[in-house]
Amino acid sequence: MNKKDMYILGIESSCDETSCSIVKNGEEEIATVVLSQIDIHKNFGGVVPEIASRHHVKNITMVIEECLEKANMTLDDIDAIAVTEGPGLIGSLLVGMEAAKTLSFVTGKPLIPVHHIAGHIYANNLVKRLEFPLLCLVVSGGHTEFIYMDKDYSFKKLGGTLDDAVGECYDKVARVIDVPYPGGPMIDRLAKEGEPRYPLPIPLNDDTYNFSFSGLKSAVINLAHNLEQRKEEINKEDLAASFQNVVLDVILKKTRKAIREYPVQNLIIAGGVAANSSLREALQNLAEEEQIHLTVPEMKYCTDNAAMIAAAAYYANKRGDKASLIINSKSTMELK
Ligand code: KG4
Ligand code: ZN
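Residues numbered from 1 in each chain as written. Chains lettered and ligands numbered in written order. Predicted model: local features only at pLDDT ≥ 70, side-chain atom pairs only at ≥ 80, totals over all residues. Heavy atoms only, no water.

Caption draft 1: The arrangement of the overall build of the protein in detail. Scanning the protein from N- to C-terminus turns up ten helices and ten strands. A compact globule built from 336 residues would reach a C-alpha radius of gyration of about 20 Å, and the protein, at 20 Å, matches this within 12%. Projected onto its principal axes, the C-alpha coordinates of the protein cover approximately 65 × 45 × 30 Å. A sequence separation of at least 24 residues applies to 74% of the contacts in the protein between residues at least 6 apart. Carbon and sulfur atoms form 50% of the exposed surface of the protein, whose accessible area is close to 14,700 Å². Side chains of the protein give 35 positive and 46 negative charges; the mean places of these two sets differ by 4 Å. (Helix = DSSP H or I, 4+ residues; strand = E, 2+ residues; numbered from the N terminus. Rg over C-alpha atoms; globule rule 2.2 N^0.38 Å. Contact = heavy atoms within 4.5 Å. Areas by Shrake-Rupley, 256 points an atom, 1.4 Å probe, with all protein chains shown as cover. Lys, Arg positive; Asp, Glu negative; His and termini not counted. Charge placed at Lys NZ, Arg CZ, Asp CG, Glu CD.)

Caption draft 2: Spatial organisation of the coordination of the zinc ion (ligand 2). Within the protein, the atoms that donate to the zinc ion (ligand 2) are His-116 (NE2), His-120 (NE2) and Asp-304 (OD), at distances of 2.0 to 2.1 Å. Mapped onto the polypeptide sequence, the residues donating to the zinc ion (ligand 2) form the spacing pattern H-x3-H-x183-D. Separated by four residues within a single helix, His-116 and His-120 lie in helix 4 (residues 116–122), roughly one turn from each other. Of the two residues examined, His-116 and His-120, each falls in the buried class. (Donors = N, O, S within 2.8 Å, 3.2 Å for Na, K, Ca; no water. Buried < 20%, exposed > 50% of the residue type's maximum accessible area, 1.4 Å probe, protein only.)

Caption draft 3: Focus on the environment of Gly-141. The residue Gly-141 is located in the loop between strand 6 (134–139) and strand 7 (144–149) in this model. Along the chain, Gly-141 and Lys-151 lie ten residues apart, while their C-alpha atoms are 26 Å from each other. Beyond its immediate chain neighbours, meaning those up to four positions away, Gly-141 contacts Ala-165, Gly-167 and Glu-168.

Caption draft 4: Main features of the sheet that holds strand 10 (residues 293–295). Pairing within the open sheet is mixed, and its five strands lie in the order 8-7-6-9-10. Only two strands of the sheet have a single neighbouring strand rather than two, namely strand 8 (156–160) and strand 10. Here the average twist between neighbouring strands, direction ignored, is 20°. Examined bridge by bridge, strand 6 and strand 9 (residues 266–270) share five bridges and lie parallel to one another. (Pairing = 2+ DSSP bridges. Axes fitted to C-alpha atoms, helices over the stretch in contact; angles between N-to-C directions.)

Caption draft 5: Region of interest: the sheet that holds strand 3 (residues 28–36). Spatially, five strands are ordered 3-2-1-4-5 in an open sheet, and the strand pairing comes out mixed. Only two strands of the sheet have a single neighbouring strand rather than two, namely strand 3 and strand 5 (111–115). Neighbouring strand axes in the sheet, compared pairwise and without regard to direction, differ in orientation by 20° on average. Strands strand 1 (7–12), strand 2 (17–24), strand 3, strand 4 (80–86) and strand 5 of the sheet are contacted by helix 10 (residues 307–319), whose axis makes an angle of about 110° with strand 5.

Caption draft 6: Structural context of the packing of helix 8 (residues 236–261) against helix 9 (residues 277–290). The geometry of helix 8 relative to helix 9 is characterised by a closest axis approach of 11 Å and an angle of 30° between their N-to-C directions. Taken together, the axis directions place helix 8 and helix 9 in an arrangement best described as roughly parallel. Where helix 8 crosses over helix 9, the handedness of that crossing is right-handed. Here helix 8 contributes Gln-244, Leu-248, Ile-251, Leu-252, Thr-255, Arg-256, Ile-259 and Arg-260 to the contact with helix 9, which in turn contributes Ser-278, Leu-279, Ala-282, Leu-283, Leu-286, Glu-289 and Glu-290. (Parallel < 35°, antiparallel > 145°, perpendicular 65-115°, else oblique. Left-handed = near helix turned anticlockwise from the far one by under 90°.)

Caption draft 7: The environment of Lys-336, seen in detail. The residue Lys-336 is located in the segment after helix 10 in this model. In this view, Lys-336 contacts Phe-155 and Arg-319; residues no more than four positions away in its chain are not counted.

Caption draft 8: View of the domain arrangement of the protein. Partitioning the protein into structural domains gives domain 1 (7–123 + 301–319) and domain 2 (129–296). Here the C-alpha centre of domain 2 lies 26 Å away from the C-alpha centre of domain 1. Each partner contributes to the interface: domain 1 provides 22 residues, whereas domain 2 provides 24 residues. Here domain 1 packs against domain 2, burying approximately 1,800 Å² in sum over the two surfaces, 70% of which is carbon and sulfur. When residues of domain 1 are sorted by the area they lose upon contact with domain 2, Ile-121, Tyr-122 and Cys-302 head the list and together hold 33% of the total. Between the two partners, domain 1 and domain 2, sit zero salt bridges. (Domains from an automatic or database assignment. Buried area = accessible area lost by both parts, 1.4 Å probe. Salt bridge = Lys/Arg side-chain N within 4 Å of Asp/Glu carboxyl O.)

Caption draft 9: Region of interest: the site of ligand 1. Every one of the 19 residues lining ligand 1 counts as a neighbour, but His-116, Gly-141, Asp-171, Gly-272 and Asn-276 are closest to it. At 2.9 Å, a backbone N or O of Gly-272 approaches an oxygen atom of ligand 1. Considering ligand 1 on its own, with 550 Å² of exposed area, one finds that the protein chains cover 89% of that surface. Elements with a contribution of two residues or more to the shell around ligand 1: helix 4, helix 5 (166–176) and helix 6 (184–193). Classifying every residue of the shell around ligand 1 by side-chain character gives five nonpolar, eleven polar and three charged. (Near = heavy atom within 4 Å. Polar contact = N/O pair within 3.5 Å; in protein donor to acceptor, adjacent residues only side chain to side chain. Nonpolar A, V, L, I, M, F, W, Y, C, P; charged D, E, K, R; others polar.)

This is the structure in structure tokens:
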């Protein structure tokens, strides 16, 4: 091991994934364990916070031990402990935070708090070192926003959703057509087989970098109810295609505008919806047309994981972010 190398052990537990990862120098993943609770929450049609926290408590130690084992390392080989500080489900976040604090306390190693979205952004750094200035399109279950970065760990928000996040909207639409949680991946698949023949309103089609998806969500719900009342069957594929079409339309339009307005050569995407195959394809085409470079996270690191947290922590640490043992998790938090 090179003495200058920094090995960070990251912990993520903000929603329904319990995850631990060890990343070298913010770029090289050594080992990652992600334990998903999707199968448990599926039965309820969404994440039940109290159940999520309980499962994090049950699993966190095992996940950390398994990660160290996978990396063939001990805590002595780790230089710092990183953890998602927020935003997320408070009970879930607290489990990861307490585990990280305990590890930091017993080892005497620094504790680095990481914003969950900074983590999603730095999932791209595991694919290719970020190049600045860049534009990041954040599309997750809780966030939809444009972030401009002119250097590491410097985040300028250009605009974001005024109501629902795009992932949340995918999950709600999925519910309307009886697709189990999380609906995003299935809508992605169904949309490919359908025709966008249902008329839906284009969400907040203005000149700002803001989004609004709640009207679209209501329009899908109303459409489904109307069809039901008329005893007409909903064509799931066509509804998925119609919904996805307007979502991609507005995202692409605003991304193109941001690329033209800001002096960027690099576009990255972050968050669970970055796994969407049609979005990836459409953004690749857009990047080619605008002659800029697109980086996308690996599919497995689009949704929540600790590798992205350990990667981001390397740069958070360089910026001087450090927490004492009195730090608390935050359910809401600005990306700064
Ligand atoms: O980033 P993430 O794991 O959680 C938050 O930080 O919020 O994102 C989860 C979201 C869910 O809403 C899920 O439906 C969506 O990402 N998602 C997708 C796809 N895969 C996951 N949405 C559209 N297409 C996908 N392939
Ligand atoms: Zn996330």
